[in-house]
Amino acid sequence: MEEVRILSPTAILGYGFPKESFERGLEKEPDLIAVDAGSTDPGPYYLGAGISFTDKTAVKRDLKLMIKAGQQRDIPVVLGTAGGAGGEPHLEWCTEIVKEIAEEENLSFKLATIQSEQDIDYILDKFEAGEVSALSPAEETTKEELKASTRIVGQMGVEPIIKALEKEAEVIVAGRAYDPTVFASFCIKEGFSAGLALHMGKIMECASIAAKPGSGSDSMFGILREDHFILEPLNKDRRCTTTSVAAHTLYEKANPLELHGPGGVIDLSETEFEQLDKRRVRVTGSKFIEDEEYTVKLEGAKKVGYRTLSIAGTRDPIMINELDHIKEVVRETVRDNFDDLSEDDYQLLFRIYGKDGVMGDLEPEDEIMSHEVGIVIEVVAKTQELANTICSFARSTMLHYGYPGRVATAGNLAFPYSPSDLKAGEVYEFNLHHLITVDDPCALFPMELEEV
Amino acid sequence: MSETKNIRELIDVIRSKNAGPYELTFDFIFKSFEIYDKVKESGVINKELIAELYDIPVDDVISVINYDPAKAIKATIVRPCSSGAVGETDVYGAQQHAPLLSIEIPM
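Residues numbered from 1 in each chain as written. Chains lettered and ligands numbered in written order. Predicted model: local features only at pLDDT ≥ 70, side-chain atom pairs only at ≥ 80, totals over all residues. Heavy atoms only, no water.

Digging into the packing of aromatic side chains
What the rule picks out here adds up to 8 aromatic pairs over all chains. Where Phe26 of chain B meets Tyr54 of chain B, the ring centres are 4.9 Å apart and the plane angle is 15 degrees; that geometry is what we call stacked. With Phe26 of chain B in strand 3 (residues 23-30) and Tyr54 of chain B in helix 2 (residues 47-54), this pair connects stretches of sequence that are 28 residues apart. Where Phe30 of chain B meets Tyr36 of chain B, the ring centres are 6.2 Å apart and the plane angle is 40 degrees; that geometry is what we call tilted. Through successive ring pairs, a cluster of aromatic residues spans Tyr45, Tyr46, Phe53 and Tyr428 of chain A. (Phe/Tyr/Trp six-rings, centres within 6.5 Å; stacked < 30°, edge-to-face > 60°. Helix = DSSP H or I, 4+ residues; strand = E, 2+ residues; numbered from the N terminus.)

Considerations on the pairing of strand 5 (residues 72-78) of chain B
All names here are of chain B. Along strand 5, 6 of the 7 residues are buried, which leaves the element largely enclosed by surrounding structure. As paired strands, strand 3 and strand 5 are joined by 7 bridges and run antiparallel to one another. Across the sheet, the residue bridging to Asp27 is Lys74, located in strand 5. By the bridge criterion, 6 bridges tie strand 4 (residues 61-67) to strand 5 in an arrangement that is antiparallel. Paired with Val64 across the strands is Ala75, a residue of strand 5. (Buried < 20%, exposed > 50% of the residue type's maximum accessible area, 1.4 Å probe, protein only. Pairing = 2+ DSSP bridges.)

What to know about helix 4 (residues 88-104) of chain A
Residues and elements named next belong to chain A. Helix length check: helix 4 (17 residues) gives 24 Å between terminal C-alpha atoms against 24 Å at 1.5 Å per residue, within 8%. Taken together, the buried positions of helix 4 are occupied by His90, Leu91, Cys94, Thr95, Ile97, Val98, Ile101 and Ala102. Buried residues of helix 4, seen end-on, are gathered within an arc of 155 degrees and therefore sit on one face of the element. Exposed and oriented more than 90 degrees from the buried face of helix 4 are Glu92 and Glu103. Tucked into the core, helix 4 has its buried residues touching helix 2 (44-49), helix 3 (56-73), strand 3 (77-80), strand 4 (110-114), strand 6 (151-155) and strand 7 (171-174). (Expected span 1.5 Å × (residues − 1). Arc of directions from axis to C-beta. Contact = heavy atoms within 4.5 Å.)

Brief notes about the interface of chain A and chain B
As a measure of interface size, the accessible area lost when the parts come together is often cited. Taken together, the contacts link 43 residues of chain A with 44 residues of chain B. Between chain A and chain B, a total of about 3,400 Å² is buried, with carbon and sulfur atoms accounting for 65% of that surface. Of all residues in chain A, Asp41, Leu250 and Leu362 of chain A bury the most surface against chain B, accounting for 19% of the area lost on that side. Along the contact surface separating chain A from chain B lie 1 salt bridge. Salt-bridge contacts for Lys17 of chain B lead to Asp41 of chain A; the nearest nitrogen and oxygen are separated by 2.0 Å. Where the side of chain A that touches chain B is concerned, the elements lending two or more residues are helix 10 (242-249), strand 15 (294-314), strand 16 (346-353) and strand 18 (421-438) of chain A. Sorting elements by how many residues they give to the side of chain A that touches chain B places strand 18 of chain A first, with 7 residues. A breakdown of the residues in the side of chain A that touches chain B according to their chemical character gives 23 nonpolar, 12 polar and 8 charged. (Buried area = accessible area lost by both parts, 1.4 Å probe. Salt bridge = Lys/Arg side-chain N within 4 Å of Asp/Glu carboxyl O. Nonpolar A, V, L, I, M, F, W, Y, C, P; charged D, E, K, R; others polar.)

Some thoughts on helix 2 of chain B
All names here are of chain B. Where helix 2 is concerned, the buried positions are Leu49, Ile50, Ala51, Leu53 and Tyr54. Where the residues of helix 2 are buried, they touch strand 3, strand 4 and strand 5. Looking at where helix 2 begins, the residue whose side-chain oxygen comes 3.2 Å from the main-chain nitrogen of Glu48 is Asn46. Two residues or fewer past helix 2, Asp55 is found with a positive phi of approximately 50 degrees. (Polar contact = N/O pair within 3.5 Å; in protein donor to acceptor, adjacent residues only side chain to side chain.)

Brief notes about the pattern of salt bridges
Residues and elements named next belong to chain A. Using the criterion set out here, one finds 38 salt bridges over all chains in the structure. Here Arg279 makes a salt bridge to Glu232, at a shortest N to O gap of 3.2 Å. Here Glu232 lies in strand 9 (residues 229-233) and Arg279 lies in the loop between strand 12 (272-275) and strand 13 (281-284), a separation of 47 residues in the sequence. For Arg279, a relative accessible area of 17% corresponds to the buried category. Note that Glu426 and Lys303 form a salt bridge whose closest N and O atoms lie 3.6 Å from each other. Taken together, the residues span a long stretch of sequence, with Glu426 in strand 18 and Lys303 in strand 15 at a distance of 123 residues. Exposure remark for Glu426: the relative accessible area of 29% places this residue in the partly exposed category.

Examining the sheet that holds strand 8 (residues 220-224) of chain A
Consider a sheet: its strands pair through backbone hydrogen bonds, and that pairing is either parallel or antiparallel. Residues and elements named next belong to chain A. Spatial ordering of the open sheet is given by 12-13-9-8-1-2-3-7-4-19, a layout of 10 strands whose pairing is mixed. The open sheet has two free edges, formed respectively by strand 12 and strand 19 (447-451), since each of these has just one partner strand. Pairs of neighbouring strands in the sheet enclose a mean axial angle of 20 degrees, with direction left out of account. In this sheet, strand 13 lies alongside strand 12 in antiparallel orientation, the contact comprising 4 bridges. (Axes fitted to C-alpha atoms, helices over the stretch in contact; angles between N-to-C directions.)

See the structure below:
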């Protein structure tokens with residue numbers, strides 16, 4: 001092959017894209033349609049709970065267009081981080097959607113699914129063998145912490161997807177995958193430079209976010225050749241500029257010159273961006289430097305309890321002035337009333353919007369400047385019932401507390417909702433952001449092939 | 001005394017975002033290469049400044065990197081807690097940029 005032509009319809013499967021952009025991409029005769037379907041960005045809940053953060057109807061709409069186009073043109077459709085987090089339930093959810101589409105559209109094709117959820121006992125063994133290390137600034141983990149994990153996924157590199165392509169899979173549903181891999185695997189399999197392929201994938205996984213004006217729900221086209229790649233947004237109202245593309249290279253990463261991924265580093269120190277015409281940018285010079293030992297990133301989430309929230313506001317300047325004091329009194333009253341509970345049983349938090357609700361400890365302003373503030377009373381407890389109990393008690397205490405100087409005695413809080421307390425369910429935290437050393441890049445990622 | 005300009009006059013983009021669940025990264029993308037070069041030369045945006053603006057130890061500022069091709073400066077800090085942890089305030093990390101808007105650059 002002299003070049004690989006790739007269509008990236010959208011930044012995340014389910015975010016949507018204009019049909020017109022997508023069709024313009026098809027007219028350019030792509031060799032591959034690929035999409036990234038997930039991220040750790042929405043937080044630990046989705047990984048822990050095994051639920052997608054994208055909506056089924058929206059995912060199905062995007063996938064249907066992609067799979068039909070792939071089948072019509074006899075080109076592969078690859079999607080990575082299926083179901084948003086890439087765990088077993090996520091993969092199952094997404095595969096089910098693919099099968100529904102096949103049935104409804106009367107299609108039959110070779111489907112590869114690549115698992116990325118890890119067996120916790122296996123990870124424990126590797127940890128004890130010293131093959132699991134923290135990815136800074138996460139802290140080193142412990143046996144207990146690993147055992148507490150609800151779900152662990154590994155982030156696959158290009159190798160498992162290449163394997164599926166070699167088996168001539170027509171649709172590939174991959175679990176947690178390093179974002180660029182869904183684009184780069186095909187290119188690397190065809191013998192193109194891994195550095196350029198991965199760099200192109202890093203930009204294309206966000207589709208038109210790298211254009212100007214940017215959009216996460218519009219399509220991008222990429223062409224990879226021997227020593228360069230070219231990017232072009234598929235909506236005529238958008239342009240790629242050297243700065244929009246270069247700026248995207250540094251998006252969401254700590255270091256724009258070195259992008260670490262499975263098996264090595266994309267070295268961008270000699271990368272050059274060149275404006276080809278008004279809407280297209282050419283990129284050269286990106287290199288891939290293989291690590292001596294192949295490592296895979298692990299992501300884990302653990303359940304830390306159940307949450308109940310009460311959302312309220314205050315417009316009383318005397319109350320606003322006394323908020324710190326009021327919070328302390330409510331906290332003490334709760335502690336006193338439930339003195340049979342230990343500190344581990346629940347956490348009570350007050351989020352003060354209008355003060356430091358957005359920035360927390362990083363907030364440099366220490367005074368409340370607003371005439372009204374939002375207060376979220378939050379409880380995370382061992383059980384939902386306990387979270388409900390503590391939240392209800394804290395809410396009623398705050399509502400009626402006679403703080404110093406109070407003149408408004410009807411109630412201290414304005415509630416926008418009835419019921420005022422919202423049961424938010426299970427709460428998870430990330431507990432693993434570590435590297436595991438492997439001999440075989442495919443070892444953690446078993447593949448299944450089937451005809452659908 | 002040389003004159004200073006507020007950074008808002010000099011930038012196209014100032015943003016914060018997660019770089020994974022354990023890091024928070026700030027991007028400054030300047031209006032022109034000329035402005036970028038001046039800011040870079042001034043050395044005003046450095047680890048100490050970021051630490052001061054967010055009231056965090058300098059050691060928690062992981063890096064401040066000039067990225068010429070994008071006329072951008074990037075700073076990355078340790079997240080006060082991992083994304084989505086109990087007590088966290090900004091899961092995507094996308095609203096942590098405000099203190100940067102007060103930076104004054106000698107021009």
